[in-house]
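# Residue-level structure breakdown
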Amino acid sequence: MAFGLDVKLLTKLMSQILRLMFKFYKTSLYLFVLGIFFSCGNDDGYISTTDDGPLPISPVIFDIEQVPYPTLSEYNFFEGDLKSLNPVYGVLPYDLNSPLFSDYAHKKRFLWMPNDVKATYVDDYSALNFPTGSVLIKNFYYENIQPDNNTKILETRLMYKKDDGWHFAKYVWNDEQTDAVFTNDGSFVDLTWTEGGQTKTTNYRIPSQAECFTCHNKFGTPLPIGPKPQNLNKNYLYEEGSRNQLDKWINQGYLDSDIPQTIDSTVDWSDPSKGIEMRVRSYLDINCAHCHSEESYCEYRPMRFAYHENDNDTNKGVCVDPETQIPPYNKIVSPGNSTQSIIHFRLSTTEEQYRMPLLGRTIKHDEGVRLIEEWINSLTTECN
């Protein structure tokens, strides 16, 4: 860096200045100024490299001492019309083999990380070990909202990593779909939309910060749920073509290359070409395991739904007596009889005191329940 000044200090100062500028000027001006700033350190306008060569600067504005910002637009995660969710350079879209059901809300997920740091592999079944400054961006939206058949983004949830661990920031979108505002409060949105040719309604719950923490925690420590190698090991259609997500993250410089060649992976539970056992295990993992695991909210119950544990029928509740008796359901999973299985009842009901998962769902997931029903009725195990 010219003049021998501290790079981190200058970067922090410029980030604060440019964040203020962004409120009044277009993104193009920000990119112009940022390019000039870093040109004194590298004549090519690059600040990090990968095996494929140098990487350009990401225009994201993220000062870890200043976040959460009052509005989503201040981060500059997206370019152009904000509601289009077109990521700027460095904001990578990603997907999961099987997504969590959230009242049929669609989701667009993105990852951003600072330069010159990488996530590291822990094991197939644990979230990657992300470095400080990492941001997970998840947008919840519906299509075909009635009566105009329009698309509406309801909320954007951020999880960002500081030195002391993960933090949450939630942004609720305005009716004009021009921006989203930070809040810790929960709220409801009445929706009517069409899905698969059927009209559905829900009073969609935007969770409070406390509700986010209920699911995303291991004995008081906030953790991501989705970004585990078992869930990320799939191809994604990027602008340049289809590519394995983990390979893309490595190429981007976001993930250390020291990962196994073979990863024990979940499957798309909705894919009928996959075996029903694998589909059920994948569905239970993403929808239930964050509570039904050690050091989690429902660890006192006998089921263990995490993917690396639920290959065991007992951990899935087969022939297991329920902790909470709800007649006439005599087993958590009663083989061959879904109508006597409490897991089928809890996944089917919308009664708040009985439904599972406890949070994130207010209506029945018809397709998921049919999968569990088909699996239970196919079992031939004899209970003692």
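Bear in mind the structure is a predicted one, so any value in this text is a computation, not a measurement.

### Notes on the environment of D148
As for its placement among the helices and strands, D148 is situated in the loop between strand 7 (135-145) and strand 8 (150-162). Considered as a pair, D148 and W193 are 45 residues apart in the sequence and their alpha carbons are 9.5 Å apart.

### Focus on the packing of helix 6 (residues 276-288) against helix 8 (residues 366-378)
In helix packing, the relevant descriptors are the interaxial angle and the interaxial distance, both defined with respect to the helix axes. Put simply, helix 6 and helix 8 touch, their axes get as near as 10 Å, and they point 130° apart. As summarised for this structure, helix 6 and helix 8 are arranged oblique, according to the angle between their axes. Both helix 6 and helix 8 take part in a crossing whose hand is left-handed. Across the interface between the two elements, I276, E277, R279, V280, Y283 and L284 of helix 6 pack against G368, L371, I372, E374 and W375 of helix 8. Per-class residue counts for the contact of helix 6 with helix 8 are seven nonpolar, one polar and three charged.

### Focus on the environment of N235
Structurally, N235 is set in strand 15 (residues 235-238). The residues contacting N235, other than those within four sequence positions of it, are S242, R243 and N244. At a separation of 3.2 Å, a polar atom in the side chain of N235 contacts the main-chain amide nitrogen of N244.

### Notes on the pattern of salt bridges
Applying the stated rule across the entire model yields ten salt bridges. K316 serves as the salt-bridge partner of D313, at 3.1 Å between the closest nitrogen and oxygen. The class for K316 is buried, based on a relative accessible area of 0%. The shortest N-O distance in the salt bridge between D321 and K331 comes to 2.6 Å.

### Side note on the pairing of strand 8
Regular strands have side chains that alternate between both faces of the sheet. Where strand 7 and strand 8 come together, nine bridges link them in antiparallel fashion. Along strand 8, the bridge assignment pairs F140 with E155. As consecutive antiparallel partners, strand 7 and strand 8 are separated by four residues, and within that stretch N149 has a phi angle of approximately 55°, a positive value. Relative to strand 9 (residues 165-173), strand 8 is paired through eight bridges, and the arrangement is antiparallel. Considered in strand 9, the bridge of M159 is made with F168.

### Here's the deal with helix 6
With 13 residues, helix 6 should cover 18 Å at 1.5 Å per step; its first-to-last C-alpha distance of 17 Å lies within 8% of that length. All buried positions along helix 6 are accounted for by R279, V280, R281, S282, Y283, L284, D285, I286, N287 and C288. On the buried face of helix 6, the contacting elements are helix 4 (229-232), helix 7 (342-348) and helix 8.

### Quick word on the state of the cysteines
By definition, a disulfide links the sulfur atoms of two cysteine residues through a covalent bond. In this structure the tally under the stated criterion is one disulfide. Covalently, C319 is tied to C383 through a disulfide, its sulfur atoms 1.9 Å apart. The S-S bond linking C319 to C383 shows a torsion near -80°; that makes this disulfide left-handed. Within this pair, whereas C319 is found in the loop between helix 6 and helix 7, its partner C383 is found in the segment after helix 8, the two being separated by 64 residues in sequence.

### Points about the nonpolar core
In terms of nonpolar packing, the biggest core is built from 47 residues, with Y75, F77, F130 and W249 touching the most fellow members. The set of elements that each furnish at least two residues to this core consists of strand 5 (92-94), strand 6 (106-112), strand 7, strand 8, strand 9 and helix 5 (245-252). In terms of residues, this core owes the most to one element, strand 9, which gives five residues. Setting aside residues up to four positions removed in sequence, Y75 forms contacts with V60, I61, F62, V67, P68, Y69, L158 and Y171. Core analysis: the second largest hydrophobic core is formed by 24 residues, A306, Y329, I342 and W375 among them.

### Focus: the packing of aromatic side chains
Think of a pair of aromatic rings as described by two things: how far the centres are apart, and how the planes are tilted against each other in angle. With the rule as written, the count across this model stands at 20 aromatic pairs. Between F62 and Y160, the aromatic rings sit 6.0 Å apart at their centres with planes inclined by 70°, giving edge-to-face as the arrangement. Here the residue F62 occupies a position in the loop between strand 2 (53-56) and strand 3 (78-79), and Y160 occupies one in strand 8, the gap between them amounting to 98 residues. There is no split in this pair, since F62 and Y160 are both buried. Sitting over the ring of F188, R205 keeps its end group 4.7 Å from the ring centre. When the ring centre of Y238 is taken as reference, the NZ or CZ atom of K248 above it lies at 5.1 Å.

### Considering unusual backbone geometry
Here the residue pair P327 and P328 is connected by a cis peptide bond, since its omega of 5° sits within 30 degrees of zero. The topology assignment puts P328 in the loop between helix 6 and helix 7. For the bond running from M356 to P357, omega is -5°, close enough to zero to count as cis. Of note in this structure, Y104 is not a glycine but carries a positive phi near 70°. When you line up the elements, Y104 lands in the loop between strand 5 and strand 6.

### Quick notes on helix 8
The terminal C-alpha atoms of helix 8 lie 18 Å apart, and with 13 residues this matches the ideal 18 Å at 1.5 Å per residue to within 8%. For helix 8, every residue scored as buried is listed here: G368, V369, L371, I372, W375 and I376. Projected onto a plane normal to the axis of helix 8, the buried residues spread over an arc of 155° and lie on a single side. Buried residues along helix 8 sit in contact with helix 6 and helix 7.

### Focus: the pairing of strand 9
In terms of burial, strand 9 is a largely internal element, seven of the nine residues being buried. Both strand 9 and strand 10 (residues 180-182) contribute to a ladder of three bridges, which runs antiparallel. Paired with Y171 across the strands is F182, a residue of strand 10. With antiparallel pairing between neighbouring strands as the criterion, strand 9 and strand 10 make up a hairpin whose turn holds six residues, including Q177 at a positive phi of roughly 60°.

Cut-offs used in this document
Residues numbered from 1 in each chain as written. Predicted model: local features only at pLDDT ≥ 70, side-chain atom pairs only at ≥ 80, totals over all residues. Heavy atoms only, no water. Helix = DSSP H or I, 4+ residues; strand = E, 2+ residues; numbered from the N terminus. Axes fitted to C-alpha atoms, helices over the stretch in contact; angles between N-to-C directions. Parallel < 35°, antiparallel > 145°, perpendicular 65-115°, else oblique. Left-handed = near helix turned anticlockwise from the far one by under 90°. Contact = heavy atoms within 4.5 Å. Nonpolar A, V, L, I, M, F, W, Y, C, P; charged D, E, K, R; others polar. Polar contact = N/O pair within 3.5 Å; in protein donor to acceptor, adjacent residues only side chain to side chain. Salt bridge = Lys/Arg side-chain N within 4 Å of Asp/Glu carboxyl O. Buried < 20%, exposed > 50% of the residue type's maximum accessible area, 1.4 Å probe, protein only. Pairing = 2+ DSSP bridges. Expected span 1.5 Å × (residues − 1). Disulfide = S-S within 2.5 Å. Core = buried A, V, L, I, M, F, W, Y, C linked by side-chain atoms within 4.5 Å. Phe/Tyr/Trp six-rings, centres within 6.5 Å; stacked < 30°, edge-to-face > 60°. Lys NZ or Arg CZ within 6 Å of the ring centre and 35° of its normal. Arc of directions from axis to C-beta.

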